[in-house]
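Observations on chain architecture
What follows is each chain in one-letter form.
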Amino acid sequence: MTTAYWQEVMNKLDTKVSKMIEQLGGRSPHMAGEDGLFDNPATDWWTSGFWPGMLWVMQDMTGKDLYKNAAWDFDETIGQWFAKPTEELHHDVGFQFLATAVIKHTLTGDAEGLRRGLEAANYLAARYNPAGGFIRAWNGDKHGWVIIDCMMNISLLFWASRVTGDPRYRHIAVSHAGTAMTYGVREDGSTKHILSFDAATGAYIENFGGQGYSPESCWSRGSAWGLYGFTNTYRHTGDARFLNTAKRIAHYFIAALPEDHVPHWDFRLADDKRMARDSSAAAIAASGLLELAELVPPGEKRVYADAAERILRSLTESYATWEQPGHEAILLHGAVSGDSHMDVSLIYGDYFYVEAVAKLNGWKHRVF
C-alpha cells in the first residue's frame with residue numbers, strides 16, 4: 001500500500017470528521033442505525049471518550065483548532081461523574097479518560113487534563129482485587145468478574161505510573177494482565193470474554209460467553225481488545241510473555257478472517273442466521289496489529305503490518321460512508337453482539353479506524 005493512498009484516506013477523514021462536528025453538535029455518540037443518526041447516551045456510558053479521542057487524533061494530524069475546540073471540554077464533562085452516584089462509571093474509565101484527559105495533557109500540557117487522568121487512574125486502581133490479581137469489571141454484585149476488554153483500560157495505569165513515578169499503578173496493571181493471560185487466552189490464541197473468580201479467595205471459577213456466541217467461542221471484538229491490550233502491555237513492560245500472548249491472539253485473528261478481512265462478530269459461529277460482520281472488531285485489531293508490527297523483530301513486521309493494511313483497505317473501500325454525507329458515522333456494518341444491535345455503526349469502530357489510518361500516516365502520539 002502506498003503512502004499516497006493513506007494520505008488520501010486521511011484527507012477524506014478530514015472532510016468527514018469536520019462534517020461530523022457540525023452534525024453531532026454537543027452529542028456523545030455511541031451507535032447509529034439504518035437512519036445514519038447517532039444516539040446520545042449520558043457521558044457516564046463507556047463509549048463517551050471515543051468521539052473526543054477521534055477529534056484529538058485529527059487535531060494532532062492536521063493542526064486545525066476546529067478539532068481541539070470541539071474536543072476540549074469532554075474530559076471535564078465526563079469527570080463530573082466522579083462526584084455523582086452512578087452505576088455506569090466503572091473499569092472503562094481507561095477508555096473514557098485516555099482518549100480525553102490524558103491525550104489532552106499530552107498534546108497541550110493542560111494541568112486539568114493531568115489531574116483528571118490521575119483521578120481516573122486512582123479510581124481504576126481502587127477496583128483491584130489483590131486476592132485474585134485482577135481489576136473487577138462493571139458494578140453491581142458481580143464482584144469477581146473480569147472481562148477481556150479491560151486489557152485496554154490498564155494503559156491508564158501504565159501512564160499514571162510514568163507521570164507520577166509511582167510503581168504501584170504499574171504493579172496493578174501487570175498483575176491484571178497476568179491473570180487475564182493465564183485464564184482468558186486459550187492455547188490456540190482464541191480469547192474468552194467473561195472470567196469469574198471467587199472475590200474472597202481469588203480462585204478461578206469459570207468463564208462465560210458474554211457477548212460471544214458461547215463460552216467455548218471467540219467473540220471477535222474481545223479478541224481485538226486482547227490483541228491490542230497485550231501488545232500495549234509488552235510495550236510498557238518489555239515482558240516477553242505478553243508479546244508472545246499478543247502474537248498468539250494475532251495469529252488466531254488473522255487466520256480466522258473471512259475473504260474480505262473483516263470478521264464476523266464471533267469467530268466460532270454455528271448459526272448462519274447471525275453471520276453478521278463487525279467492522280469495529282476489524283478496526284481495533286488493525287490498529288493493534290500496527291502496534292505489534294512496531295515491536296517485533298524486522299523479519300516479522302510484515303506479517304502484522306500487511307494484515308493490518310488488508311483489513312483497513314477493506315474497511316476503506318467496502319464499509320465506509322464516503323458517498324453518504326448525511327450519515328453521521330464513518331464505518332457501516334458493526335455489531336455489538338449476536339443478541340443485540342447488529343449491522344450498526346459504532347463510535348469506537350470509527351475511533352480505531354481513524355487511529356489506525358493516522359498511524360499509517362506517521363502518527364506517534366498514542367492514546368492507548
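Residues numbered from 1 in each chain as written. Predicted model: local features only at pLDDT ≥ 70, side-chain atom pairs only at ≥ 80, totals over all residues. Heavy atoms only, no water.

Here we look at the side chain of H264
- Assignment of secondary structure puts H264 in the loop between α11 (240-255) and α12 (279-295).
- What H264 contacts, discounting residues up to four positions off in sequence, is S220, P258, L269, M275, A276, R277 and D278. (Helix = DSSP H or I, 4+ residues; strand = E, 2+ residues; numbered from the N terminus. Contact = heavy atoms within 4.5 Å.)

Here's the deal with unusual backbone geometry
- Its identity is not glycine, yet W138 carries a phi of approximately 55 degrees, on the positive side.
- Within the element layout of this structure, W138 appears in the loop between β3 (134-135) and β4 (145-147).
- Backbone geometry places D343, a non-glycine residue, at a positive phi of 55 degrees.
- Here D343 shows up in strand β8 (residues 340-346).
- According to the relative accessible area criterion, D343 is partly exposed, its value standing at 45%. (Buried < 20%, exposed > 50% of the residue type's maximum accessible area, 1.4 Å probe, protein only.)

Quick notes on the state of the cysteines
- Considering all chains together, one arrives at 0 disulfides under this definition.
- As a non-bridged cysteine, C150 has C218 as the owner of its nearest cysteine sulfur, 18 Å distant.
- In this structure C150 comes out as buried when scored by relative accessible area, which is 1%.
- Under the relative-accessibility criterion, C218 is labelled buried at 0%. (Disulfide = S-S within 2.5 Å.)

A look at helix α14 (residues 347-360)
- Its 14 residues give α14 an end-to-end C-alpha distance of 20 Å, which sits within 8% of 20 Å, the value for a rise of 1.5 Å per residue.
- The element α14 is extensively covered by neighbouring structure, given that 14 of its 14 residues are classed as buried.
- Following α14 by one or two positions, G362 adopts a phi angle in the positive range, close to 95 degrees. (Expected span 1.5 Å × (residues − 1).)

Some remarks on the sheet that holds strand β6 (residues 204-208)
- The strand order across the open sheet formed by 3 strands is β4-β5-β6, and the pairing between neighbours is antiparallel. Edge strands, defined here as strands with exactly one partner in the open sheet, are β4 and β6. Across the sheet, the mean angle from the axis of one strand to that of its neighbour is 25 degrees, orientation sign disregarded.
- Of the strand pairs in this sheet, β4 and strand β5 (residues 194-197) are connected by 3 bridges, and their pairing is antiparallel. Bridging from a neighbouring strand, V146 pairs with L195 of β5.
- Contacting β4, β5 and β6, helix α9 (residues 167-184) crosses the sheet at an angle of about 105 degrees to β5. (Pairing = 2+ DSSP bridges. Axes fitted to C-alpha atoms, helices over the stretch in contact; angles between N-to-C directions.)

Things to note about the pairing of β8
- In this sheet, β8 lies alongside strand β1 (residues 31-32) in antiparallel orientation, the contact comprising 2 bridges. The residue bridging M31 from the neighbouring strand is L346, located in β8.
- Counting the residues that bridge the hairpin from strand β7 (residues 334-337) to β8 gives 2 residues.

Digging into the environment of V354
- Checked against the element boundaries, V354 lands in helix α14.
- In the structure, V354 is positioned 67 residues away from S287 in sequence and 9.1 Å away in space, judged by C-alpha atoms.
- Filtering out sequence-adjacent residues up to four positions away, V354 remains in contact with L13, M54, V57, M58 and I330.

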